[in-house]
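If you want the building blocks of each chain, they are given just below.
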Amino acid sequence: MPSVLITGATSGFGKAAAQRFAKAGWSLILTGRREERLKALESELSQQVPVLTLTLDVRDSDAVTNAISNLPERFLPLTCLINNAGLALAPEPAQKVDLNDWHTMIDTNITGLVNVTHAAMPLLLAHGKGASILNLGSIAGQWPYPGGHVYGASKAFVQQFSYNLRCDLLGTGVRVTDLAPGLAETEFTLVRTKGNQEASDALYRGTTPLQAEDIAEQLYYLATLPAHININRLEIMPVRQAWSPLNVDRD
Ligand code: NDP
Ligand code: 8X3
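Description of the structure in this document. Because the structure is a prediction, the values reported are computed rather than measured.

Calculation rules
Residues numbered from 1 in each chain as written. Chains lettered and ligands numbered in written order. Predicted model: local features only at pLDDT ≥ 70, side-chain atom pairs only at ≥ 80, totals over all residues. Heavy atoms only, no water. Near = heavy atom within 4 Å. Polar contact = N/O pair within 3.5 Å; in protein donor to acceptor, adjacent residues only side chain to side chain. Areas by Shrake-Rupley, 256 points an atom, 1.4 Å probe, with all protein chains shown as cover. Nonpolar A, V, L, I, M, F, W, Y, C, P; charged D, E, K, R; others polar. Core = buried A, V, L, I, M, F, W, Y, C linked by side-chain atoms within 4.5 Å. Buried < 20%, exposed > 50% of the residue type's maximum accessible area, 1.4 Å probe, protein only. Helix = DSSP H or I, 4+ residues; strand = E, 2+ residues; numbered from the N terminus. Contact = heavy atoms within 4.5 Å. Axes fitted to C-alpha atoms, helices over the stretch in contact; angles between N-to-C directions. Parallel < 35°, antiparallel > 145°, perpendicular 65-115°, else oblique. Left-handed = near helix turned anticlockwise from the far one by under 90°.

Once that is clear, we can look at the site of ligand 2. The full set of residues close to ligand 2 is Ser138, Ile139, Ala140, Tyr145, Tyr151, Phe188 and Arg192. One of the side-chain N or O atoms of serine 138 is found 2.5 Å from an oxygen atom in ligand 2. At 3.2 Å from an oxygen atom of ligand 2 is found a side-chain nitrogen or oxygen belonging to arginine 192. Protein chains bury 84% of the 240 Å² of accessible surface belonging to ligand 2 in isolation. Split into classes, the residues belonging to the shell around ligand 2 amount to five nonpolar, one polar and one charged.

Structure representation (structure tokens):
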């Protein structure tokens, strides 16, 4: 039975991915900080497949290493790692941002992703051919926009780290993809605005954003491609999102 380790399974893409992979019969290792949400998901999905929940903060490298290097045999070797845990903070311009918010994004989106990857790599190498590392990047890693500052830069890291991992994993059979979504309706904007439900609703109102299930479907597609195919980067936007012209400062 294939197994998948999903970080940030308590909400949004991670939760939808857990449900999608369970539907296909995969064993699930689900992580996040909110234990009650993990337990609720476990009781929903453990009727279908084996589920292990790990309550942890991806920023805590000791906790991550300890948890992942002691996974029960029934979940090994690992078929797929979905590095999904992440967040944006501080939608305001760079010059107005609290430094702590920048640190939180770097610690989560970069250090956290690296912590989990480092711990899980031996388990994916043990699987070899057909195993995958699926990293949640973003359109923000490629396309700059006002208020993107450290969030976009952290997702540019995810893209380049994914490509560089591919170089080193060549010959092992382990695949790596930078999955880069655009506007998607999850708790992402609620987190970014520190709990402003009105701002979150306003962002998604009157358009047709991606849904968590759309991204879960792409994750499942990537994880189940024939073993000789690696999609390096997959950028997905809603049809109702596109680029704007460059800005010009005028007198
Ligand atoms: P959500 O806010 O709905 O989910 C984020 C998940 O990340 C939660 O399960 C949360 O769990 C987890 N998480 C956050 N910080 C930590 C931490 N320190 N340790 C462990 N888990 C953590 O957002 P999305 O589902 O939208 O986002 C998932 C990923 O997709 C992120 O990396 C995001 O940057 C990326 N993305 C999102 C887009 C969007 O528009 N929604 C578009 C492009 C990319 P908990 O709080 O329980 O720890
Ligand atoms: C999240 C998508 O457009 O807010 O990564 O940067 S966007």
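What follows concerns the nonpolar core. One broad trend across soluble globular proteins is that nonpolar side chains are buried collectively. Residues Phe21, Leu28, Leu30, Ile82 and Leu219 are the most contacted members of the largest nonpolar core, which totals 34 residues. Looking at this core, the elements with two or more residues in it are β1 (3–6), α1 (12–23), β2 (27–32), α2 (35–45), β4 (80–83), β5 (132–136), α8 (212–223) and β9 (233–236). Contacts of leucine 219, omitting those with residues within four sequence positions, involve Ala17, Phe21, Ile82, Leu134, Leu136 and Leu179. The next biggest cluster of nonpolar side chains, apart from the first, holds 24 residues, and it includes Leu56, Leu78, Ala119 and Met121.

Another aspect to go through is the side chain of threonine 10. Within the fold, threonine 10 resides in the loop between β1 and α1. On the accessibility criterion, threonine 10 (9% relative accessible area) is buried. Those residues within four positions of threonine 10 in sequence are excluded, and the remaining contacts are Lys15, Thr31, Gly32, Arg34, Arg37 and Leu38.

Take the packing of α1 against α2 next. At a minimum axis distance of 11 Å, the contact between α1 and α2 shows a crossing angle of 15 degrees. By the angle between their axes, α1 is roughly parallel relative to α2. Every pair of crossing elements has a handedness; the one defined by α1 and α2 is right-handed. Between α1 and α2, the contacting residues are Lys15, Ala18, Gln19 and Ala22 on the first element and Leu41, Glu44 and Leu45 on the second. Residues that form the contact of α1 with α2 fall into these classes: four nonpolar, one polar and two charged.

Another aspect to go through is the site of ligand 1. Taken together, 29 residues lie near ligand 1, and Thr10, Ser11, Arg33, Tyr151 and Thr186 sit nearest. Backbone polar atom of glycine 8 to an oxygen atom of ligand 1: 3.0 Å apart, as the coordinates give it. Separating a nitrogen atom of ligand 1 from a backbone N or O atom of valine 58 is a distance of 3.0 Å. Within the complex, 96% of the 880 Å² of free accessible area of ligand 1 lies under protein. The set of elements that each furnish at least two residues to the shell around ligand 1 consists of α1, α5 (149–169) and α6 (188–192).

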